[in-house]
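# Structural overview for review
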Amino acid sequence: MTGASSGIGAATVERLAAAGFEVHAIARRTERLKELSERTGCIAHALDITDAESCRKAIGDLDVDILVNNAGASHNARLYDYPFEKIDQLIDLNFRAVAHLTRCVLPGMMSRNKGHVVIVSSMAGHYPMLGSAMYSATKAAVSQFLDVMRLDTNESRIRWTEIVPGRGGDRGLRGVERRRQTRQGKVSRR
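This report concerns the structure included in the present document. Since we're looking at a predicted model, the values are computed, not measured.

## Concerning the side chain of His45
- As for its placement among the helices and strands, His45 is situated in strand β2 (residues 43-46).
- Look at His45 and you get buried, because its relative accessible area is 14%.
- Contacts of His45, omitting those with residues within four sequence positions, involve His24, Ala25, Ile26, Ala27, Leu33 and Ala58.

Here it is in structure tokens:
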């Protein structure tokens, strides 16, 4: 479980551990991971998932049955105002790390002919949102990656799930739906 130190990640670790799973929780924030481990019994891995070699060393030898790629970041700004270093950071965390971690565990899943890869994506990967060009692009890439992986492994018993949350609460989603309906002529502009 990546991004395990807070939010969706921490809540998922709690649920999986309570259900009796052996959970490997991955995040950068050591102190929060330690607290989570003490509370749930999960196995904590404090590492930066954008470092592919560290990921290979941490989980490359594990028999992973379920991988939850949850870690992610956002930086909203119009591209002409976007800091150059943020472009690489978002691509590295939101997409490249997902590909690397999946690559680490997939050979074992293929040899056992079982596994489940869950990727927490975003509505931003499916609907345009102002000031989210880079974030949306990385989440769209993750969504497409998952669809292709389904095809690449369709003769196996490996399952692929994309979870597509919207903004916190439903305010953001109502706005997206309203814009889509407006473009389709279903709602008049005010």
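## What to know about the pairing of strand β1 (residues 24-27)
- Side chains of β1 alternate between two faces, with His24 and Ile26 and Ala25 and Ala27 buried alike.
- Direction of pairing for β1 relative to β2: parallel, over a ladder of four bridges. Across the sheet, the residue bridging to His24 is Ile43, located in β2.
- The parallel pair β1 and β2, bridged by helix α2 (residues 30-40), forms a crossover whose chirality is right-handed.

## With respect to the packing of helix α3 (residues 52-59) against helix α4 (residues 84-112)
- In the contact formed by α3 and α4, the axes pass within 10 Å of each other and the chain directions differ by 30°. Accordingly, the angle class assigned to the pair α3 and α4 is roughly parallel. Taken as a pair, α3 and α4 cross one another with a handedness that is right-handed. Between α3 and α4, the contacting residues are Ala52, Cys55, Arg56 and Ile59 on the first element and His100, Leu101, Cys104 and Val105 on the second.

## A look at the pairing of strand β3 (residues 66-69)
- As judged from the four bridges shared by β3 and strand β4 (residues 115-120), these two strands associate in the parallel manner. By the bridge assignment, Leu67 is partnered in β4 with Val117.
- A crossover links β3 with its parallel partner β4, the connecting element being α4, and its sense is right-handed.

## Examining the packing of α4 against helix α5 (residues 133-152)
- Two elements in contact, α4 and α5, have axes separated by 8 Å at closest approach and are oriented at 15°. Taken together, the axes of α4 and α5 lie roughly parallel to each other. Relative to α5, α4 is oriented so that their crossing is right-handed. For the pair formed by α4 and α5, the contact residues are Ile87, Leu90, Ile91, Asn94, Phe95, Val98, Ala99, Thr102 and Leu106 on the first element and Met134, Tyr135, Thr138, Lys139, Ala141, Val142, Phe145 and Met149 on the second.

## Some words on the state of the cysteines
- Overall, the coordinates contain zero disulfides when judged by the stated rule.
- With no disulfide of its own, Cys55 has Cys104 as its nearest cysteine by sulfur position, at a separation of 6.3 Å.

## What about the sheet that holds β3?
- Strand order in this open sheet of three strands is β3-β4-β5, and the pairing throughout is parallel. Edge positions in the open sheet fall to β3 and β5 (158-163), since each of these has one partner strand only. Averaged over all adjacent pairs, the angle separating strand axes in this sheet is 10°, with direction ignored.
- Sitting on the sheet, α4 touches β3, β4 and β5, and the angle it makes with β3 is about 170°.
- The sheet strands contacting α5 are β4 and β5, and the helix crosses β5 at an angle near 160°.

## Thoughts on the nonpolar core
- Core analysis: the biggest nonpolar cluster contains 25 residues, and Ile49, Leu67, Val105, Met109, Ile119 and Trp160 have the highest contact counts within it.
- Here the element with the most residues in this core is α4; it accounts for nine residues.
- Residues contacting Trp160, with those up to four places away along its chain left out, are Thr102, Leu106, His116, Val117, Leu146, Met149, Arg150 and Thr153.
- Judged by nonpolar contacts, the second largest core, of 13 residues, contains Ala4, Ala10, Val13 and Val23.

## Points about the environment of Leu79
- Within the secondary structure, Leu79 is located in the loop between β3 and α4.
- Taking the relative accessible area as the measure of exposure, Leu79 reaches 46% and is therefore partly exposed.
- Sequence spacing of Leu79 and Met134 is 55 residues, and the spatial spacing of their C-alpha atoms is 7.5 Å.
- Ignoring anything within four residues of it in the chain, the contact list for Leu79 reads Ile87 and Met134.

Analysis parameters
Residues numbered from 1 in each chain as written. Predicted model: local features only at pLDDT ≥ 70, side-chain atom pairs only at ≥ 80, totals over all residues. Heavy atoms only, no water. Helix = DSSP H or I, 4+ residues; strand = E, 2+ residues; numbered from the N terminus. Buried < 20%, exposed > 50% of the residue type's maximum accessible area, 1.4 Å probe, protein only. Contact = heavy atoms within 4.5 Å. Pairing = 2+ DSSP bridges. Right-handed = clockwise from strand over helix to strand, strands pointing away. Axes fitted to C-alpha atoms, helices over the stretch in contact; angles between N-to-C directions. Parallel < 35°, antiparallel > 145°, perpendicular 65-115°, else oblique. Left-handed = near helix turned anticlockwise from the far one by under 90°. Disulfide = S-S within 2.5 Å. Core = buried A, V, L, I, M, F, W, Y, C linked by side-chain atoms within 4.5 Å.

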